[in-house]
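Coordinate inspection notes
Residue strings, one per chain:
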Amino acid sequence: MAEKKAAQQTEPAPSYEAAREELVEVVRALEAGGTTLEESLALWERGEKLATVCQDWLDGARQRLDAVLDADG
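Residues numbered from 1 in each chain as written. Predicted model: local features only at pLDDT ≥ 70, side-chain atom pairs only at ≥ 80, totals over all residues. Heavy atoms only, no water.

Here we come to the nonpolar core. A general tendency of soluble globular proteins is for nonpolar side chains to be buried together. Membership of the largest hydrophobic core is limited to five residues, which are Ala19, Val26, Leu50, Val53 and Cys54. When contributions to this core are tallied by element, the ones reaching two or more residues are helix H2 (16-32) and helix H3 (37-72). When residues in this core are grouped by element, the largest group, three residues, is from H3. Excluding residues that lie within four positions of it along the chain, valine 26 makes contacts with Leu43, Arg46, Gly47 and Leu50. (Core = buried A, V, L, I, M, F, W, Y, C linked by side-chain atoms within 4.5 Å. Buried < 20%, exposed > 50% of the residue type's maximum accessible area, 1.4 Å probe, protein only. Helix = DSSP H or I, 4+ residues; strand = E, 2+ residues; numbered from the N terminus. Contact = heavy atoms within 4.5 Å.)

Shown next as structure tokens:
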């Protein structure tokens, strides 16, 4: 179990586009229903992780833009 957790932590983060695309699929699967409670919870947890990845990308982009604007100002 610890090995699986360590492997998950060392996986490179997906690109914004890949994370967003997978998040859309997760939302579709949840909205469609027909999954067990356990499957729904797993999808929800994956969706939360993907949403965090997307937000991290957006925050990084904002910081980069702010840095350029500050340098020009």
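Where H2 meets H3, the closest approach of the two axes is 9 Å, and the angle between their N-to-C directions is 150°. In terms of orientation, H2 and H3 fall into the roughly antiparallel class. The handedness of the crossing between H2 and H3 is left-handed. Where H2 abuts H3, its residues Tyr16, Ala19, Arg20, Glu22, Leu23, Val26, Ala29 and Leu30 lie against Ser40, Leu43, Trp44, Arg46, Gly47, Leu50, Ala51, Val53, Cys54, Trp57 and Leu58. The class makeup of the residues in the contact of H2 with H3 is 14 nonpolar, two polar and three charged. (Axes fitted to C-alpha atoms, helices over the stretch in contact; angles between N-to-C directions. Parallel < 35°, antiparallel > 145°, perpendicular 65-115°, else oblique. Left-handed = near helix turned anticlockwise from the far one by under 90°. Nonpolar A, V, L, I, M, F, W, Y, C, P; charged D, E, K, R; others polar.)

It is worth spelling out H2 at this point. Taking 1.5 Å as the rise per residue, H2 with 17 residues should run 24 Å; its terminal C-alpha atoms sit 24 Å apart, in good agreement. Phi for glycine 33, located one or two positions after H2, is positive at around 75°. (Expected span 1.5 Å × (residues − 1).)

Limitation: the analysis is restricted to geometry and does not speak to function.
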